[in-house]
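Spelled out, the chains give:
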Amino acid sequence: MSHPLMFTEDDPLLARVRTIALALPEADEKVSHGRPAFFTQKVFCYFGGSQRINDEWIAHDAAIMVRPDPGDDPALRQDRRFWVPAYLGPSGWLGIDLDESTDWQEIAELVDASYRVTAPKRLVRELDGL
């Protein structure tokens, strides 16, 4: 059974995320579980997600989910803007909502960090210009 699409192609927030994610070496996009997923060999960023609180599903359709740098993870988990996604949270993923006040430099840094955590070492070396 396929999942329904949970995004629109013309979403301007998705366009900004695409620009950031697809600029990384060998990054590509696919739809996974109804949401855009950016990947190399593994997914490093999802656009949109959800969390489960007290048996209630809460959609975060304008958000990204990433794997933070291990050194930054504890501080990010203390930041109220971040939430733990359903399903992916136990694997170290965090989500952050996007809106008109989003700091796109911060989003680029989060996507970059997630890429570095998930991408093959040769791609990280390429990103670093080595």
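Scroll up to find the structure.
Now for a look at the structure at hand. (Residues numbered from 1 in each chain as written. Predicted model: local features only at pLDDT ≥ 70, side-chain atom pairs only at ≥ 80, totals over all residues. Heavy atoms only, no water.)

### Some thoughts on the pattern of salt bridges
Link 1 in the chain: Applying the stated criterion across every chain, the model contains ten salt bridges.
Link 2 in the chain: Of the charged contacts in the structure, one is a salt bridge between D79 and R81, with a shortest N-O distance of 2.7 Å.
Link 3 in the chain: Linked by salt bridges that have partners in common, E9, R18 and E29 make up one network. (Salt bridge = Lys/Arg side-chain N within 4 Å of Asp/Glu carboxyl O.)

### Some points on the sheet that holds strand 4 (residues 56-66)
Link 1 in the chain: One open sheet holds the six strands; their spatial order is 1-2-3-4-6-5, and the pairing between them is antiparallel. The sheet is open, and its two edges are formed by strand 1 (28-32) and strand 5 (82-83), each paired on a single side.
Link 2 in the chain: Where strand 2 (residues 35-39) lies against strand 3 (residues 43-53), three bridges are found, and the strand directions are antiparallel. Looking at strand 3, one finds that A37 is bridged to Y46.
Link 3 in the chain: Contacts between helix 3 (residues 104-118) and the sheet are confined to strand 3, strand 4, strand 5 and strand 6 (94-97), with strand 3 contributing the most and set at about 105° to the helix. (Pairing = 2+ DSSP bridges. Helix = DSSP H or I, 4+ residues; strand = E, 2+ residues; numbered from the N terminus. Contact = heavy atoms within 4.5 Å. Axes fitted to C-alpha atoms, helices over the stretch in contact; angles between N-to-C directions.)

### Points about the side chain of S32
Link 1 in the chain: Secondary-structure assignment places S32 in strand 1.
Link 2 in the chain: A distance of 3.1 Å separates polar atoms of two side chains, one belonging to S32 and the other to H33.
Link 3 in the chain: Setting aside residues up to four positions removed in sequence, S32 forms contacts with A37 and Y46. (Polar contact = N/O pair within 3.5 Å; in protein donor to acceptor, adjacent residues only side chain to side chain.)

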